[in-house]
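Descriptive analysis of the structure
Residue strings, one per chain:
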Amino acid sequence: MNANALPPGKTYADKVEALGYVDFDGKPAFKLAIQEVNERWYLYVAHLWHPGWSIVDVTDPTAPKELKYIPGPANTWTIQLQIAEGKMVTAFERMPPPWGGDASKPYEESALIWDVSDPVNPVVKGKYSVGQEKDPKAGAPGGSGTHRNYYDGGRYAHLSLKRPGWSRNMYQIIDIADAANPKDVGRWWVPGQWHAGGEKATDTDAWLHGGPYVVGDRVYLSYGSAGLVILDIADIANPKLVGQLAFSPPFN
């Protein structure tokens, strides 16, 4: 079927049936995460244009129930979240001006670690801060903060983040076993990203969009013009490059 030939305002599906719908009062849904607690399924929704998160009971997918909206900080993207083993990791980063942000106003830059054992009443247990940019134009696009992160249980969260002194996003591992005191563990970046350390960038489009994807002792990174990067993280404090597939040139 030619999508360009479809009448506007219509929805089509092939072998897919829509069972339920939530409007969220016009707040577009973006990233999603789900958990089961006491045989009920709870969907956590990050919104693109509205800082904050919604919680929806989707146990009956034909009748989803919006239970709560938790507002986030102003001028801040809160678009990424991950849930596993009763913990939720949410990302904060400066909202870029093309997406509605104001470079002259404050923003939040961190990853929050929540306790979601009570699925409807999440509690913030800890915060991993990245640091504020002094130059409002630094790190475009996106600016300071954490972007698309990864958490699948256990003690380590894997972040894509932009911190002052670095050009664009790089890979960071943090220990959240003690959620109230997250700790740096290991990091990796493309040589040239650490300009505060004297490195000279040779590829200004090399940046970790994320999210990192972890399988055993390997992590797979979508690293912009640096391509697909594969790291060995058996030594969690010292990630090592084991493979890379570049797509630029000819792309990007």
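Residues numbered from 1 in each chain as written. Predicted model: local features only at pLDDT ≥ 70, side-chain atom pairs only at ≥ 80, totals over all residues. Heavy atoms only, no water.

**Some remarks on the overall build of the protein**
Our working rule: Put simply, DSSP marks the helices as runs of H or I at least four residues long and the strands as runs of E at least two long, and each gets a number from the N terminus on. Every radius of gyration here is taken over C-alpha atoms, with the globule rule written as 2.2 Å times N^0.38, N being the number of residues. The rule is simple: take the accessible area with a 1.4 Å probe, protein chains only, and divide by the maximum for that residue type; under 20% is buried, over 50% is exposed, in between is partly exposed. Every residue pair with non-hydrogen atoms within 4.5 Å of one another is taken to be in contact. Throughout, the Shrake-Rupley method with a 1.4 Å probe supplies accessible areas, and for residues the shown protein chains are the sole cover considered. In this charge count, Lys and Arg are treated as positive and Asp and Glu as negative; neither His nor the chain ends contribute. Each charge is placed at NZ for Lys, CZ for Arg, CG for Asp and CD for Glu.
Each helix and strand in the protein was counted, giving zero helices and 17 strands. Taken over C-alpha atoms, the radius of gyration comes to 19 Å for the protein, in line with the 18 Å a tight globule of 252 residues would show. Taken over 252 residues, the protein has a buried fraction of 45%. Restricting the contact set of the protein to residue pairs at least 6 apart, pairs at least 24 apart contribute 43%. Here the protein displays about 13200 Å² of accessible surface, and carbon together with sulfur accounts for 54% of that area. Both charge centroids of the protein, one from 24 positive and one from 28 negative side chains, sit 5 Å from each other.

**What to know about the nonpolar core**
Stated formally: Working definition of a nonpolar core: buried Ala, Val, Leu, Ile, Met, Phe, Trp, Tyr and Cys residues. They are joined through side-chain atoms within 4.5 Å.
The biggest cluster of nonpolar side chains holds 31 residues, and the ones touching the most others in it are Y171, W188, L221, Y223, L231 and I233. Counting only elements with at least two residues in this core, the list comes to β8 (110–115), β11 (156–162), β12 (170–175), β15 (218–222) and β16 (228–232). In terms of residue count, β12 provides more of this core than any other element does, four residues in total. Residues in contact with I233, not counting those within four places in the same chain, are H158, Y171, I173, V214, D217, R218, V219 and P239. With 15 residues, the next largest nonpolar core counts A33, Y42, M88 and L112 among its residues.

**Focus: the environment of L221**
Positionally, L221 belongs in strand β15. Using a relative accessible area of 1% as the deciding quantity, one classes L221 as buried. Separated by 68 residues in sequence, L221 and G153 have C-alpha atoms that sit 19 Å apart. Excluding residues that lie within four positions of it along the chain, L221 makes contacts with Y171, W188, L208, P212, G227, L228, V229 and L231.

**Notes on the pattern of salt bridges**
Threshold: The term salt bridge refers to a side-chain nitrogen of Lys or Arg lying within 4 Å of a carboxyl oxygen of Asp or Glu.
Applying the stated criterion across every chain, the model contains eight salt bridges. Linking K105 and D102 is a salt bridge whose minimum nitrogen-to-oxygen distance equals 4.0 Å. Where D205 meets R168, a salt bridge forms, and the shortest distance between an N and an O atom there is 2.9 Å. On the criterion of sequence distance, the pair formed by D205 in the loop between β13 (183–188) and β14 (213–215) and R168 in the loop between β11 and β12 is long-range, its members being 37 residues apart. Take D205: its relative accessible area is 30%, and that puts it in the partly exposed class. For R168, a relative accessible area of 13% gives the class buried.

**Side note on the pairing of β11**
Regular strands place their side chains on alternate faces of the sheet. Selection criterion: One requirement defines pairing of two strands: DSSP has to find at least two bridges between them.
Most of β11 sits out of view: six of its seven residues are buried. Alignment of strand β10 (residues 145–146) against β11, held across two bridges, turns out to be antiparallel. In the strand pairing of β11, G145 is matched with K162. With six bridges joining them, β11 and β12 adopt antiparallel strand pairing. The residue bridging A157 from the neighbouring strand is I174, located in β12.

**Re the sheet that holds strand β2 (residues 40–47)**
The line we're drawing: Simply put, an axis is a line fit to the C-alpha atoms, just over the touching stretch for a helix, and the angle between two N-to-C directions goes from 0 to 180 degrees.
One open sheet accounts for four strands, arranged β1-β2-β3-β4; its pairing is antiparallel. Both outer strands of the open sheet, β1 (29–37) and β4 (65–71), are each paired with one neighbouring strand and no more. Pairwise comparison of adjacent strand axes, ignoring direction, gives a mean angle of 20° for this sheet. Across six bridges, the pairing between strand β3 (residues 52–57) and β4 is antiparallel. By the bridge assignment, G52 is partnered in β4 with P71.

**Section: the packing of aromatic side chains**
Defined as follows: Each pair of aromatic rings taken from Phe, Tyr and Trp, with Trp reduced to its six-membered ring, is defined by centres within 6.5 Å and is described as stacked if the planes are under 30 degrees apart, edge-to-face if over 60, and tilted in the remaining cases. Whether a charge lies above a ring is judged from NZ of Lys or CZ of Arg, which has to be within 6 Å of the ring centre and within 35 degrees of the ring normal.
Counted according to the given criterion, the structure contains nine aromatic pairs. Grouped by ring-pair contacts, the aromatic residues W49, W77 and W99 constitute a single cluster. Its guanidinium or amino end placed over the ring of F30, K31 lies 5.2 Å from that ring's centre, counting from NZ or CZ.

**Side note on a nonpolar patch on the surface**
Our working rule: Patches here: salt-bridge-free residues with over 30% relative accessible area, like charges joined within 9 Å, nonpolar side chains (Val, Leu, Ile, Met, Phe, Trp, Tyr) joined within 5 Å.
A surface patch of nonpolar side chains, amounting to about 680 Å² of accessible area, comprises Y213, V215, Y220, L228, L245, F247 and F251. One can find Y213 in strand β14.

**Considerations on the environment of G153**
By the secondary structure assignment, G153 is in the loop between β10 and β11. On a C-alpha basis, the gap between G153 and P191 in space is 30 Å, while along the polypeptide they are 38 residues apart. Apart from the residues lying within four places of it in its own chain, the contact partners of G153 are A84 and E85.

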